[in-house]
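For reference, the chains in residue letters:
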Amino acid sequence: MTVSVDFLPAAYREGQQRVRRRRERTWLAVLVLVGVGATEALFRHREFGIRQMVENAERHASAAEGRARAVVADEQRLVDLAATLRLWTAPLAAARVPEVVGALLGERTEGVRFAELECRVDPWLGEPKPWLRVHATCTNLDELSRYLAVVQAQGQVPRLRCRQAQAAEEQDGVSYLLETEEGAR
């Protein structure tokens, strides 16, 4: 049988337990403070990174707004230039002399013979339309009417007015002089 005898007074043991508890609490407080400090440092570091990202985003957004305004201004300038270009090149879309002459000669029947064909176009007029003067002969007036109806239906030739029609001296048929109507210029 063993008997254990405690030679230390109870007050000493209680003091030792208090010192041990105080030491544990101190270490626990130190650990909590270190944890809080580390957490704060981590959050401050992340906050700094986030603030830098926000500043970069704001700078990029302001630069993008400036570029967007420049693009809108460039787009408006491009629209203005396109309108100016259309205005400058509109006369080039007018009926050209070869097109008009081709329309006149392309639908010619056997009985229609040209003596003189004059065609002028001034593309820089407000509404450029060709001016025509046609001196030709045909076998009869019905043939002339059919020929003019076909030519006018194409749309390439402006409206023509008969200035003069007379019996052809050299052959059987009609000699005529056509010119562009004044309103069709």
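If you're wondering where the values come from, they're calculated on a predicted model, not measured in any experiment.

A.B. asks: Would you mind going over the sheet that holds strand β2 (residues 131-138) in detail, with residue names and values included?
C.D. replies: If you trace the four strands from one edge of the open sheet to the other, you get β1-β2-β4-β3, paired in antiparallel fashion. In this open sheet, the two strands that pair with only one neighbour each are β1 (113-120) and β3 (160-167). Shown here is a sheet whose adjacent strand axes are inclined to one another by a mean of 10 degrees, direction ignored. Bridge count for β2 against strand β4 (residues 174-180) is six bridges, and the pairing is antiparallel. Its bridge partner lying in β4, V134 is registered against L178. Here helix α2 (residues 97-106) sits on the sheet and contacts β1 and β2; the angle it forms with β1, its principal contact strand, is near 155 degrees.

A.B. asks: Tell me about the side chain of E143, residues and numbers included.
C.D. replies: Here E143 is to be found in helix α3 (residues 141-154). Among buried charged residues, E143 stands out as having no salt bridge; its nearest opposite-charge side chain is R146, 5.1 Å away. Contacts of E143, omitting those with residues within four sequence positions, involve T109, E110, G111 and V112.

A.B. asks: Would you mind going over the pattern of salt bridges in detail, with residue names and values included?
C.D. replies: Counting across every chain of the model gives five salt bridges. Across the pair E47 and R51 runs a salt bridge, and its minimum N-O distance is 2.6 Å. Taken together, the positions of E47 and R51, both in helix α1 (residues 10-89) and four residues apart, correspond to about one turn of that helix. Overall, E47 belongs to the partly exposed group, its relative accessible area being 35%. A salt bridge links R133 to E179; the shortest N-O distance between them is 3.1 Å. Within this pair, whereas R133 is found in strand β2, its partner E179 is found in strand β4, the two being separated by 46 residues in sequence. Among the residues examined, R133 registers a relative accessible area of 28% and is labelled partly exposed. Ionic contacts of the salt-bridge type, sharing partners, join the residues R133, R163 and E179 into one network.

A.B. asks: Before we move on, can you summarise the side chain of E179 with the specific residues and values?
C.D. replies: Its relative accessible area of 11% is what places E179 among the buried residues. Side-chain polar atoms of E179 contact the side chain of R163, separated by 2.9 Å. Leaving out residues up to four positions away in the same chain, E179 has contacts with W131, L132, R133, R159, L160, R161 and R163.

A.B. asks: Could you give me a rundown of the nonpolar core, with the residues and numbers involved?
C.D. replies: The biggest cluster of nonpolar side chains holds 18 residues, and the ones touching the most others in it are L104, L132, V157 and Y176. Mapped by element, the contributors of at least two residues to this core are α2, β2, α3 and β4. Excluding its chain neighbours within four sequence positions, the residues that come into contact with L132 are V100, L104, E118, C119, V157, P158, L160, L178, E179 and T180.

A.B. asks: Could you give me a rundown of the packing of α2 against α3, with the residues and numbers involved?
C.D. replies: Here α2 crosses α3 at 145 degrees, and the two axes come no closer than 9 Å. Considering how the two elements wind past one another, α2 and α3 form a crossing that is right-handed. Residue-level inspection shows A103, L104 and L105 of α2 in contact with α3, the latter providing Y147, V151 and Q154. Taken together, the residues of the contact of α2 with α3 break down into five nonpolar, one polar and no charged.

Rules of the game
- Residues numbered from 1 in each chain as written.
- Predicted model: local features only at pLDDT ≥ 70, side-chain atom pairs only at ≥ 80, totals over all residues.
- Heavy atoms only, no water.
- Pairing = 2+ DSSP bridges.
- Helix = DSSP H or I, 4+ residues; strand = E, 2+ residues; numbered from the N terminus.
- Axes fitted to C-alpha atoms, helices over the stretch in contact; angles between N-to-C directions.
- Contact = heavy atoms within 4.5 Å.
- Buried < 20%, exposed > 50% of the residue type's maximum accessible area, 1.4 Å probe, protein only.
- Lys, Arg positive; Asp, Glu negative; His and termini not counted.
- Salt bridge = Lys/Arg side-chain N within 4 Å of Asp/Glu carboxyl O.
- Polar contact = N/O pair within 3.5 Å; in protein donor to acceptor, adjacent residues only side chain to side chain.
- Core = buried A, V, L, I, M, F, W, Y, C linked by side-chain atoms within 4.5 Å.
- Left-handed = near helix turned anticlockwise from the far one by under 90°.
- Nonpolar A, V, L, I, M, F, W, Y, C, P; charged D, E, K, R; others polar.

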